[in-house]
Amino acid sequence: MAAQNSRACLVLSNGMKMPQIGFGTLMIKPHEAVAAVKAAIDAGYRHIDTAYVYDNEEQIGQAIKEVIAEGKVKREELFIVTKFDKNDRPLPTNEKGELRIDVDVDYVDTWKEMEKLVDEGLAKSIGVSNFNEKQIERVLQVAKHKPVNNQIEVNPYFTRQELVSFCQSNGIVVTSYSSLGAPGNMKTEEDPVLLSDPVVKAMGAKYNRSPAQILLRYPVSRGCAVIPKSLNPEHMKENMQIFDFELSTEDVKSLDDLNMNSSQLNRFWIIFKDHPHYPFV
Ligand SMILES: NC(=O)c1ccc[n+]([C@@H]2O[C@H](COP(=O)([O-])OP(=O)(O)OC[C@H]3O[C@@H](n4cnc5c(N)ncnc54)[C@H](OP(=O)(O)O)[C@@H]3O)[C@@H](O)[C@H]2O)c1
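Residues numbered from 1 in each chain as written. Predicted model: local features only at pLDDT ≥ 70, side-chain atom pairs only at ≥ 80, totals over all residues. Heavy atoms only, no water.

Asks: Just to check I follow, could you spell out the overall build of the protein for this structure?
Replies: Looking only at helices and strands, the protein has ten helices and nine strands in total. Across its three principal directions, the C-alpha atoms of the protein cover 50 × 45 × 40 Å. Counting all 281 residues of the protein, 46% fall into the buried class. Intrachain contacts of the protein at a sequence separation of at least 6 include 72% that bridge at least 24 residues. (Helix = DSSP H or I, 4+ residues; strand = E, 2+ residues; numbered from the N terminus. Buried < 20%, exposed > 50% of the residue type's maximum accessible area, 1.4 Å probe, protein only. Contact = heavy atoms within 4.5 Å.)

Right, here's the structure in full:
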């Protein structure tokens, strides 16, 4: 594959182009979000990954409004992703204070409602997140507008080979989240740290790149988009510099071989394991 530039885009099945690198915004606090998103746009990000549940959409909207007013970017240059949540705020918790999902709407019915957003011009593209093969198949069976994207965790400790291949063979672009291993998210001292993995570090030395750049190039080499989150403007810039080098096929395989089939967010997702639509099975 030829080296790409930082404006590399993936073409979705509806013909829309999605920048292959986006800016993640999970756990960016509302008071940090305006500055973070403005810094990300200054650093060259044109794809911003958001969600209602991240509780910072209003501030992200403010940042976008400001950069457009400042003439730094046009709205049509930006690819904004959001994810809706069927819960109201505050999110419901169980007796132990853990989050729970107390709605049991069939996602196929939800999909049919989402298609109306496209028909009404309220969304340009619609996709899914954390869907497994069976769930995607059920949606594909009824879809008038096919899901263009599945946003899932993909990194060398959770490579998702079968799911990524399934999506790609069905024309569904995969976005990798937690590509850096989500350091700091619900980790214990015993958890392996992807950014410090010896194989990743050695590969960084070989390519004269940081471990973060190796980890971001890995899903990109597999045809996925990446959406690293950072509050550090130096990291934001570093994370954009992944389109001017390639990993060899052997090195992609070495990263594949680190697979533990284990989500970096296990401690979070596991609390939903009894839900009828739990997707990590
Ligand atoms: N759909 C879903 O269910 C779902 C789930 C999780 C995440 N997501 C999306 O995916 C995005 C990314 O995933 P994530 O936030 O879980 O984790 P991530 O991007 O793997 O990791 C973010 C962490 O990495 C650090 N980092 C960033 N660049 C770095 C660099 N160059 N060197 C060293 N450390 C660096 C950041 O710290 P600094 O701020 O110090 O740079 C931050 O703590 C989220 O923000 C969100 O938009 C979606």
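So, next bit.
Asks: Looking at this structure, how should I read the environment of Pro233?
Replies: Along the chain, Pro233 turns up in helix H8 (residues 233-240). Distance in space between the C-alpha atoms of Pro233 and Ala39 is 6.4 Å, their sequence separation being 194 residues.

Asks: Explanation requested: the sheet that holds strand E7 (residues 149-153) in the structure shown.
Replies: The strands making up a sheet associate through hydrogen bonds between their backbones, and the pairing can be parallel or antiparallel. With parallel pairing, four strands are arranged side by side in an open sheet as E6-E7-E8-E9. Single-partner strands in this sheet number two, and they are strand E6 (128-129) and strand E9 (225-226). Relative to E7, E6 runs parallel, the two sharing two bridges. Bridge assignment links Val128 to a residue of E7, and that residue is Asn150. (Pairing = 2+ DSSP bridges.)

Asks: Just to check I follow, could you spell out the pattern of salt bridges for this structure?
Replies: Any two side chains of opposite charge can pair, on the condition that their charged atoms come close. Across all of its chains, the model carries 14 salt bridges by this definition. For Lys83, the salt bridge identified is with Asp49, shortest N-O distance 2.8 Å. On the criterion of sequence distance, the pair formed by Lys83 in the loop between strand E5 (79-81) and helix H3 (107-119) and Asp49 in strand E4 (residues 47-49) is long-range, its members being 34 residues apart. You'll find Lys83 and Asp49 in the same group, each marked buried. Between Asp274 and Lys273 there is a salt bridge, with its nearest N and O atoms 4.0 Å apart. With relative accessibility at 48%, the residue Lys273 sits in the partly exposed group. (Salt bridge = Lys/Arg side-chain N within 4 Å of Asp/Glu carboxyl O.)

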